Amino acid sequence: AVGFVLADVPVICDICNPAMILKSIRGLRVDAVTSDQIEIALLAASEVGRTLGLPHTARDVILRGTNKYLMRKCWKEAGIDIPRFACAKSEAEMLAFAGEFGFPVISKPLSSSGSRGVSVSRSPADVARAFAMASAVAGKPEIIVENFIDGREYTAEAFSSGGKVTVLAVSQKLKPESQFQVATL
């Protein structure tokens, strides 16, 4: 693994198990704790940082940043203009949302990245497949559904420290036309 070459002290452990991480790094000088490029380790990194009294991302911030429903609730409460959204626990709830606000709609797992499980439903015929796909990625029948906004889509990679945001990259997502599953090319 590339990280082994770069690490001062390579350690093998379960990245989602704070107790195992703490045991693995006992005796090492650790300056900070974070997880890069993978969301599943964020909560464990937060707990390790909290336990060691080191800089870390707070648990509530991680939950708001990785749960798409909580994230959108925060944005809405902050007055940010966003598409209509709802948490759907069944195909019927997804259809009810589309019935109230219209097709097309986007369905997404509550927590996932990289467009895994994301799809567009252009009619009621697409809903069963879209709900099943998002639920499978989420590991449970609970997804977010939102109005589809047509146009260019961009992604930004950034981090913040000490109140300062550093943007690493901004790129446009290019997608095939008329595709059910949303993909980044």
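Given the structure is predicted, the values throughout are model-derived calculations rather than measurements.

Trainee: What am I meant to see in the nonpolar core here?
Mentor: Across soluble globular proteins, you tend to see nonpolar side chains buried next to one another. Counting 11 residues, the largest nonpolar core is built from Ala88, Met94, Phe97, Ala98, Val105, Val127, Ala130, Phe131, Ala134, Ile143 and Val145. Here this core gets four residues from one element, more than from any other, and that element is helix α7 (residues 127-138). Residues contacting valine 145, with those up to four places away along its chain left out, are Arg84, Phe85, Ala86, Ala88, Met94, Phe97, Val105, Ile106 and Ser107. The next biggest cluster of nonpolar side chains, apart from the first, holds seven residues, and it includes Val33, Ala44, Val48 and Leu54.

Trainee: Looking at this model, I keep getting lost on the environment of threonine 34. Mind explaining?
Mentor: Relative to the elements of secondary structure, threonine 34 occurs in the loop between α2 (18-25) and α3 (42-52). Taking the relative accessible area as the measure of exposure, threonine 34 reaches 67% and is therefore exposed. Sequence separation of threonine 34 and histidine 56 is 22 residues, and the distance between their C-alpha atoms is 6.5 Å.

Trainee: Is there a simple way to think about the pattern of salt bridges in this case?
Mentor: For side chains bearing opposite charge, pairing can occur when the charged atoms are close. Under the defined criterion, the tally for this structure stands at eight salt bridges. With its nearest N and O atoms 4.0 Å apart, the salt bridge here joins lysine 89 to glutamate 142. Of this pair, lysine 89 sits in the loop between β1 (85-88) and α6 (91-101) while glutamate 142 sits in the loop between α7 and β4 (143-147), and the two are 53 residues apart along the sequence. Using a relative accessible area of 18% as the deciding quantity, one classes glutamate 142 as buried. With its nearest N and O atoms 3.5 Å apart, the salt bridge here joins glutamate 153 to lysine 173. Here glutamate 153, found in strand β5 (residues 153-161), pairs with lysine 173, found in strand β6 (residues 164-173); they are 20 residues apart in sequence, far enough to count as distant. Looking at glutamate 153, the relative accessible area reads 29%, which means it is partly exposed. Look at the salt bridges and you will find they share partners, linking Arg72, Lys108 and Glu146 into a network.

Trainee: Looking at this structure, how should I read the packing of helix α4 (residues 59-66) against helix α5 (residues 68-77)?
Mentor: Helices that pack against each other are described as a pair by the angle of their axes relative to one another and the distance between those axes. Following both chains from N to C, one finds α4 and α5 inclined at 100°, their axes separated by 5 Å at the closest point. Here α5 runs roughly perpendicular to α4, going by the angle between their axes. Of the residues in α5, those in contact with Leu63, Arg64, Gly65 and Thr66 of α4 are Lys68, Leu70, Met71 and Cys74. Broken down by class, the residue content of the contact of α4 with α5 amounts to four nonpolar, two polar and two charged.

Trainee: It is not clear to me how the packing of α6 against α7 should be interpreted in this structure. Could you clarify?
Mentor: Following both chains from N to C, one finds α6 and α7 inclined at 120°, their axes separated by 10 Å at the closest point. On the basis of the axis angle, α6 is oblique to α7. The crossing of α6 and α7 is right-handed. Residues Glu91, Met94 and Leu95 of α6 touch α7, and the partners they reach there are Val127, Ala128, Ala130 and Phe131. Residue classes in the contact of α6 with α7 are distributed as six nonpolar, no polar and one charged.

Cut-off values and rules
- Residues numbered from 1 in each chain as written.
- Predicted model: local features only at pLDDT ≥ 70, side-chain atom pairs only at ≥ 80, totals over all residues.
- Heavy atoms only, no water.
- Core = buried A, V, L, I, M, F, W, Y, C linked by side-chain atoms within 4.5 Å.
- Buried < 20%, exposed > 50% of the residue type's maximum accessible area, 1.4 Å probe, protein only.
- Helix = DSSP H or I, 4+ residues; strand = E, 2+ residues; numbered from the N terminus.
- Contact = heavy atoms within 4.5 Å.
- Salt bridge = Lys/Arg side-chain N within 4 Å of Asp/Glu carboxyl O.
- Axes fitted to C-alpha atoms, helices over the stretch in contact; angles between N-to-C directions.
- Parallel < 35°, antiparallel > 145°, perpendicular 65-115°, else oblique.
- Nonpolar A, V, L, I, M, F, W, Y, C, P; charged D, E, K, R; others polar.
- Left-handed = near helix turned anticlockwise from the far one by under 90°.

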